[in-house]
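Spelled out, the chains give:
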Amino acid sequence: MRSYFEKHPQAISLDLKSEDQDEIFSELVSLLPVDNKRSKAIRLGTGKREELGPTTIGNGVAIPHCRSFAVKKMVMSYGRKVGGVDLYAYDRRPVEHFFLVVAPPIGPTSELLTPTITYISNLIKAPGTIDVLNKISSKQEFIDLFYPDFRVHWAEGAGT
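1. Comments concerning helix α2 (residues 21-30)
Residues of α2 that are buried include every one of Ile 24, Phe 25, Glu 27, Leu 28 and Val 29, and no others. In the core, the buried residues of α2 are packed alongside α3 (36-52), β5 (75-85) and β6 (95-103). Capping the start of α2, Asp 20 holds a side-chain oxygen 3.2 Å from the backbone nitrogen of Asp 22, two or three residues further along.

This is the structure in structure tokens:
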């Protein structure tokens, strides 16, 4: 994950502007390294996935995700919404941190979706992570959260 965000720092927003779930998900998709047509397909996929059940994991975090033919390799974005939005999380906390993960339904990176979500979830559960996420002031500080030895095979120009 670290190497992905180092290659795609534009996929990080520390100041999401949107005020509701649909707008936030659209804003997260706009951070991905994909064109407009693919963005629309991904946005549709995240909406359909969310209909199955919320992707909030508690502690002010959500991991919206989907599989989509709009990407050839896994892509990801992160956004922080100061103050959060109500996404009906089980712990009733507003969600401030969003990790969007999109994988192709088939191909070498398709099977990385679940381990990536698990990795993010475990990172969030680590003591102090939420406090650090709340305080970071640069994209580099966000990138530095990820262990340098954790390697997922992200690709340059994924999705195109």
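2. Focus: α3
With 17 residues, α3 should cover 24 Å at 1.5 Å per step; its first-to-last C-alpha distance of 25 Å lies within 8% of that length. Taken residue by residue, α3 has Ser 39, Ile 42, Arg 43, Gly 45, Thr 46 and Glu 50 as its buried positions. Along α3, the residues classed as buried sweep out an arc of 165 degrees about the axis, all on the same side. Facing away from the buried side of α3, by more than 90 degrees, are the exposed residues Lys 37, Lys 40, Leu 44, Lys 48, Glu 51 and Leu 52. Elements that come into contact with the buried residues of α3 comprise α2, β4 (65-67) and β6. With a side-chain oxygen lying 3.3 Å from the backbone nitrogen of Lys 37, the N-terminal cap of α3 falls on Asp 35. In the stretch just after α3, Gly 53 is the one whose phi turns positive, near 160 degrees.

3. A short note on the pattern of salt bridges
When charged atoms on two side chains of opposite charge get close, those side chains can pair. In the structure shown here, the tally under the stated rule is 6 salt bridges. One salt bridge in this structure joins Arg 2 and Glu 6, with 3.2 Å as the shortest N-O distance. One end of the pair is Arg 2 and the other is Glu 6, both in helix α1 (residues 2-7) and 4 residues apart, which spans about a single turn. The exposure class assigned to Glu 6 is partly exposed, which follows from its relative accessible area of 42%. With a shortest N-O distance of 3.0 Å, Asp 144 and Arg 2 are connected by a salt bridge. Taken together, the residues span a long stretch of sequence, with Asp 144 in the segment after α6 (139-143) and Arg 2 in helix α1 at a distance of 142 residues.

4. Digging into the confidence of the model for the protein chain
Overall, the prediction assigns the protein chain a mean pLDDT of 88, with 92% of residues at 70 or greater. Put simply, strand β2 (residues 56-58) is where the protein chain has its lowest mean pLDDT, 90, and strand β1 (residues 12-13) is where it has its highest, 98. The low-confidence segment residues 149-160 (pLDDT under 50) makes 36 contacts with residues lying over four places distant or belonging to another chain.

5. Quick word on the packing of aromatic side chains
Given two aromatic rings, one states the distance between the centres and the angle between the planes to describe the pair. The final tally for this structure, using the stated rule, is 8 aromatic pairs. A centroid spacing of 5.4 Å and a plane angle of 80 degrees characterise the contact between Tyr 4 and Phe 5, whose relative ring orientation is edge-to-face. In this pair, the class of Tyr 4 matches that of Phe 5, namely buried. Relative to Phe 142, the ring of Phe 5 lies with its centre 5.2 Å away and its plane at 85 degrees, an arrangement referred to as edge-to-face. Placement of Phe 5 in helix α1 and of Phe 142 in helix α6 is noted, with a sequence separation of 137 residues between them. The burial state of Phe 5 is the same as that of Phe 142; both residues are buried. Three or more aromatic residues joined by ring pairs form one cluster here, namely Tyr 4, Phe 5, Tyr 78, Phe 99, Tyr 119, Phe 142 and Phe 146.

What counts and what doesn't
- Residues numbered from 1 in each chain as written.
- Predicted model: local features only at pLDDT ≥ 70, side-chain atom pairs only at ≥ 80, totals over all residues.
- Heavy atoms only, no water.
- Buried < 20%, exposed > 50% of the residue type's maximum accessible area, 1.4 Å probe, protein only.
- Helix = DSSP H or I, 4+ residues; strand = E, 2+ residues; numbered from the N terminus.
- Contact = heavy atoms within 4.5 Å.
- Polar contact = N/O pair within 3.5 Å; in protein donor to acceptor, adjacent residues only side chain to side chain.
- Expected span 1.5 Å × (residues − 1).
- Arc of directions from axis to C-beta.
- Salt bridge = Lys/Arg side-chain N within 4 Å of Asp/Glu carboxyl O.
- pLDDT = per-residue confidence, 0-100.
- Phe/Tyr/Trp six-rings, centres within 6.5 Å; stacked < 30°, edge-to-face > 60°.

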